[in-house]
Amino acid sequence: MKPYETESPPASEAQAERQRSKSVGWISLLIGVGASTLAPLVYLTTSNQLETVATLLMALVGWTCCLLFWRGHRQYIAHVMVFAVLGVAVVGVLAFGSVRSSSSFLFVAAVAGAGIFMGRRALIAAVAFSVISLGGLMAAEANGLLRPVTFQVGLKSWWTQAITLIVVAAMVFHSRLQNEKTSAELTGELERRKLIEKKLDRNQERFARIFRSSPSPMIAQSARTGAILDVNPAFERCYGHAREAVLGKLDNLLWADPGQRVAYTARLFEARQVQLFQCTALRADGSTFEAHISSEMGNDREDKLIITTVSDISEQVLAMEKLRRSEVRFAKAFNFSPLNMTITRLSDGSFLEVNEASDRVQGREPQELKGRTTLEMGVWLTPTDREAFVSKLRSEGRIHNYDTRMRHKDGRLIDARLWAELIEIDGEPCILTCTVDVSAEKRREALLLDVARGVTGKTGEDFFPALTRHMALSLDADMVVIGELRAEQRIKTLSVWREGGHSRDFNFATQDLPCGQTLHESGLCVHAEQLAARFPKDKQLIDAGFQAYVGQSMRDDQGASIGVLSAMWKRPITLTPEMQALMSIFSSRANAELLRLKRDRQIRHLNETLELRVRERTADLQRLNSELDSFAYSVSHDLKTPLRSIDGFTQLLSEQLAGRLKEDDQVLFDRILASTHRMSNLIADMLALARVSQGRLEIETVDLSHMVRDILEEEAVKDPMRKVELRIAPGLSARCDARLTRIALENLLGNALKYTRDQASPLIEFGQLATAADLPAGFFVRDNGVGFDMALAGQLFRPFQRLHMHSEFEGTGIGLATVRRIIERHGGSISGHGEPGAGATFAFHLEAVWPEQMTKNTAPKQP
């Protein structure tokens, strides 16, 4: 066998090496050109011959490296360039007389070049040489051993540093390009390998399916030893050898002619594959048959395989028929399914094939079922059950999730779930069936349903006793405790179930107890055995003989512990997935109920104190309103006397000085009298506003239509020449205080008359709002006067706030505030809507209406 061939370096590495050499060549050319242009400049501007020598050496280094590059000696260019530059740097410092010269930049450039273009050892050598050289030069400079320094700068200094920076920039740019290229190559290689691995996994899976289900004999051998690693079922059928009998052996026993085997092996190792190699094969019983062998050798470094396919060409027709049957029978990986799968005859239910699944639903071996019918084996309890199943299968062609009951070998009934499909074998209809035992699932569902029924309808503190009982029965626990965390890390039990019955509640400290550990864990706290040894300080636990414990902390929305749910046993336990699921369900339900219980307690406490706080706040507001109204009334009443004196004395003085006053003086007296009159009206309105807030309401049924008509008739007497169109809806009444309601209507109608006096055809309306049937009646007063801007609607009902100038319309700004006070005393509300030049509408209710209801459901009725 040929040794494993090593792979050649990737093309990307060779390409990277060529790019590196190319970059070094360009840098060498750059150094040569730059130093050559600098040399004449240095020679002409300095008398220091050593500086000229250093520059010439630098040029010589650059051109020498270029020469090496052109002649193909590229592997040494970087080393020559880096260490030559370091030598030139030392000469440059000696020539200048100080390490502070521009020649020091050459050390940096050389070390950078070593790091980018050379290996680790060369880089260390370059750094060491630079450090030692700089140390020695600095020491020499400090002791005055170097020539005197002249810190003069000029074109040569700029050009030296510029060349150095350009070279360093070129090296850095090359390094960045290499890094970007390497990163892109690595990323591409990673993606390529991922794709290859996915394809390999799929190919391995496909190969496994093909290998096991192939109708042709297949053999897997080790290319290193020739030992047989695996054979498929077709091999066993063809050669008559059992799989266990040939594993690990050489393939000599399969060849009738050893010479053919030698020729086959030589050709295989030469070409790595053999197609249709004709030979005589040997069966286990000694008989032979002519065969075609096709083999291929893999390239796996760790485990080279030879996959061989054998075709019995002497019975090729029969083999094709077997292949057709195999494709139908094993299309769904029948023999390899971990689930119980059977093939039965549709006509009578006889078992034709039964797979080797370890999960026996009925506890029977395949040999017990083959040749027997499903009714004989208890698959169907009655013929009617099978007939219903077959009828459904015939109509639909396939069945999914068909639940039924079967009889186990030991006589007990089990719950089963079927998946079935109609197939055809040798021209006869058959049923391919997959069966799963769902007895455990059904038991869990019944258990959860019983738990749900047991706690349904229970809330608050009554819920926890029901939960502990069902939890103890479900988990077969000796003791179940639900506790609430109180102050000082103490647990107050809400329910205790112990040894078949409820026990009295108690409280306990959690330190050094299993419950204390549970409170600090977010998941299940499990001690399946030796509970007493783990908590030796818990005397009650030890005395009671508990050996196992499972607990779950309960937490609020912020994650803080609020309680614990625990179960204990007097025997060691094995925590099964079912027990974990039940603990999760019970703890989740208990957590939610405990949170609700705590919130209910808070709500009850708030409700108990809310009514008292409302009464206290209402009394305070009533007292403050009463004091405020009394104060306003007192102030307004006390202002009337001095105001009356001012008005009287001003009129008396005006009369005594009549004929002697100048025109300007008379204007001043008139203004004083107008102001006192306005002040008097303002005080009167303030007194009226204060009065409407005091006294008891005398509620009675009032004819509002009649009241509006009376008010307007009284106003008409004051100006009999004015013509106003009135539209008063008849028969409108409300339950209200007649005196206060008249004051409110007088203000609303007075405003309507006042603000329509400039209209050619004034119109005033009073009617009822179009409200919903379940809302109190509402009313409106509407005019076609000057109106107002809705942007100022917030000032309508504030005292002393006016939307028009006093020179346009008289008034004090108290009227609408008085109206609102009266309406609110009745428990109602008022709103205004206007548009400049289009009039205003004031809608009000004398009973309580929610604001959103009034907005959506109130509008003036159409006449």
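Rules behind the numbers
Residues numbered from 1 in each chain as written. Predicted model: local features only at pLDDT ≥ 70, side-chain atom pairs only at ≥ 80, totals over all residues. Heavy atoms only, no water. Helix = DSSP H or I, 4+ residues; strand = E, 2+ residues; numbered from the N terminus. Contact = heavy atoms within 4.5 Å. Areas by Shrake-Rupley, 256 points an atom, 1.4 Å probe, with all protein chains shown as cover. Pairing = 2+ DSSP bridges. Axes fitted to C-alpha atoms, helices over the stretch in contact; angles between N-to-C directions. Buried < 20%, exposed > 50% of the residue type's maximum accessible area, 1.4 Å probe, protein only. Core = buried A, V, L, I, M, F, W, Y, C linked by side-chain atoms within 4.5 Å. Left-handed = near helix turned anticlockwise from the far one by under 90°. Nonpolar A, V, L, I, M, F, W, Y, C, P; charged D, E, K, R; others polar. Parallel < 35°, antiparallel > 145°, perpendicular 65-115°, else oblique. Phe/Tyr/Trp six-rings, centres within 6.5 Å; stacked < 30°, edge-to-face > 60°. Polar contact = N/O pair within 3.5 Å; in protein donor to acceptor, adjacent residues only side chain to side chain. pLDDT = per-residue confidence, 0-100.

Side note on the overall build of the protein chain
Here comes step 1: Helix and strand counts for the protein chain stand at 23 helices and 24 strands.
Here comes step 2: Put simply, of all contacts in the protein chain between residues at least 6 apart along the chain, 57% involve residues at least 24 apart.
Here comes step 3: As presented, the protein chain carries roughly 49,400 Å² of accessible surface, and 55% of it is formed by carbon and sulfur atoms.

Re the sheet that holds strand β10 (residues 428-437)
Here comes step 1: Read across the open sheet, the five strands follow the order β7-β6-β10-β9-β8; overall the sheet is antiparallel. The strands lining the two open edges of the sheet, one partner per strand, are β7 (351-354) and β8 (398-407). Ignoring which end each strand starts from, the neighbouring axes of this sheet average 30° apart.
Here comes step 2: With six bridges joining them, strand β6 (residues 340-345) and β10 adopt antiparallel strand pairing. Across the sheet, the residue bridging to Asn340 is Thr435, located in β10.

Focus on the environment of Ser214
Here comes step 1: Tracing the sequence through the fold places Ser214 in the loop between α6 (155-213) and β1 (218-222).
Here comes step 2: Taking relative accessible area as the criterion, Ser214 reaches 12% and is therefore assigned buried.
Here comes step 3: With 18 residues separating them along the chain, Ser214 and Asn232 place their C-alpha atoms 7.6 Å apart.
Here comes step 4: The contact partners of Ser214, leaving out residues within four places of it in the chain, are Asn232 and Ala234.

Thoughts on the sheet that holds strand β2 (residues 228-231)
Pairing between the strands of a sheet is mediated by backbone hydrogen bonds and can be parallel or antiparallel.
Here comes step 1: Pairing within the open sheet is antiparallel, and its five strands lie in the order β2-β1-β5-β4-β3. The sheet is open, and its two borders are formed by β2 and β3 (273-282), each paired with just one other strand. Here the strands of the sheet are splayed against their neighbours by 25° on average, with no regard to which way each runs.
Here comes step 2: As judged from the seven bridges shared by strand β4 (residues 288-297) and strand β5 (residues 305-312), these two strands associate in the antiparallel manner. Within β5, the position partnered with Ser294 by the bridge is Thr309.

Here's the deal with helix α22 (residues 815-825)
Here comes step 1: Taken together, the buried positions of α22 are Leu816, Ala817, Thr818, Val819, Ile822 and Ile823.
Here comes step 2: Note on α22: the residue one or two positions beyond its end, Gly827, has a positive phi of about 85°.

Quick look at the pairing of strand β22 (residues 778-783)
Here comes step 1: Counting buried positions along β22 gives five out of six residues, so the element sits mostly inside the fold.
Here comes step 2: Where strand β21 (residues 763-768) lies against β22, five bridges are found, and the strand directions are antiparallel. Within β22, the position partnered with Gly767 by the bridge is Phe780.
Here comes step 3: Here β22 runs beside strand β24 (residues 840-845); their pairing, made up of six bridges, is antiparallel. In the strand pairing of β24, Phe780 is matched with Ala843.

Structural notes on the nonpolar core
Here comes step 1: Within the largest apolar cluster, 34 residues are counted, with the highest numbers of intra-cluster contacts made by Leu704, Leu745, Phe766, Phe842 and Phe844.
Here comes step 2: Elements with a contribution of two residues or more to this core: α20 (704-718), β20 (733-737), α21 (738-755), β21, β22, α22 and β24.
Here comes step 3: Broken down by element, this core gets its largest block of residues, seven residues, from α21.
Here comes step 4: Leaving out residues up to four positions away in the same chain, Phe842 has contacts with Leu748, Phe779, Phe780, Val781, Phe788, Leu796, Phe797, Leu816, Ser831 and Gly832.
Here comes step 5: If you look at the next biggest cluster of nonpolar residues, it comprises 27 residues, including Ala548, Val550, Met583 and Ala590.

Here's the deal with the packing of α21 against α22
Here comes step 1: Running from N to C, α21 and α22 cross one another at 145°; their axes reach a closest spacing of 9 Å. With respect to the hand of their crossing, α21 and α22 are arranged in left-handed fashion. For the pair α21 and α22, the contacting residues are Leu740, Thr741, Ile743, Ala744, Asn747, Leu748 and Asn751 in the first and Gly815, Leu816, Thr818, Val819, Ile822 and Arg825 in the second.
Here comes step 2: Tallied by class, the residues present in the contact of α21 with α22 amount to seven nonpolar, five polar and one charged.

Considerations on the environment of Glu824
Here comes step 1: If you trace the backbone, Glu824 turns up in helix α22.
Here comes step 2: The partly exposed category is assigned to Glu824, whose relative accessible area is 46%.
Here comes step 3: Separated by 20 residues in the primary sequence, Glu824 and Phe844 have C-alpha atoms spaced 10.0 Å apart.

A look at the packing of α20 against α21
Here comes step 1: One can describe the packing of α20 onto α21 by two numbers: an axis separation of 10 Å at closest approach and a directional angle of 50°. Here α21 runs oblique to α20, going by the angle between their axes. The crossing of α20 and α21 is right-handed. The residues of α21 that touch α20, namely those facing Leu704, Met707, Val708, Asp710, Ile711, Leu712, Glu714 and Glu715, are Ala738, Thr741, Arg742, Leu745, Glu746, Leu749 and Leu753.
Here comes step 2: Grouping the constituent residues of the contact of α20 with α21 by class yields nine nonpolar, one polar and five charged.

Focus on the packing of aromatic side chains
Here comes step 1: For the coordinates displayed, the defined rule picks out 13 aromatic pairs.
Here comes step 2: Ring centres of Trp255 and Tyr264 lie 5.2 Å apart, and the angle between their planes is 40°; this geometry places the pair in the tilted category. With respect to burial, Trp255 and Tyr264 carry one shared label: buried.
Here comes step 3: When the ring of Trp380 is compared with that of Tyr402, the centres are 6.4 Å apart and the planes differ by 75°; the resulting orientation is edge-to-face. Residue Trp380 is found in the loop between α11 (366-369) and α12 (383-396), and its partner Tyr402 is found in strand β8; the two are separated by 22 residues along the sequence.
Here comes step 4: Tyr402 sits in the buried class, given a relative accessible area of 18%.
Here comes step 5: Pairwise contacts between aromatic rings join Phe235, Tyr239 and Phe289 into one cluster.

Some details on unusual backbone geometry
Here comes step 1: Of note in the backbone geometry, Gln489 takes a positive phi value of approximately 55° without being a glycine.
Here comes step 2: Inspection of the secondary structure puts Gln489 in the loop between β11 (479-485) and β12 (490-498).
Here comes step 3: By relative accessible area, which is 41% here, Gln489 ends up partly exposed.
Here comes step 4: A positive phi angle is found at Glu499, which is not glycine, with a value near 50°.

Points about the side chain of Thr756
Here comes step 1: Checked against the element boundaries, Thr756 lands in the loop between α21 and β21.
Here comes step 2: Of note is the side chain of Thr756, whose polar atom sits 2.8 Å from the backbone oxygen of Ala752.
Here comes step 3: At 3.3 Å, the side chain of Thr756 forms a polar contact with the backbone oxygen of Leu753.
Here comes step 4: Beyond its immediate stretch of four places on either side in the chain, Thr756 contacts Arg722, Pro762, Leu763, Asp783, Asn784 and Gly785.

What to know about the confidence of the model for the protein chain
Here comes step 1: The pLDDT averaged across the protein chain works out to 78; a share of 75% of its residues lies at or above 70.
Here comes step 2: In this model, residues 1-10 is a region of pLDDT below 50 whose contacts with residues beyond four sequence positions or in other chains number eight contacts.
Here comes step 3: Of the regions scoring below 50 in pLDDT, residues 850-859 engages in 16 contacts with residues more than four places distant in sequence or in other chains.

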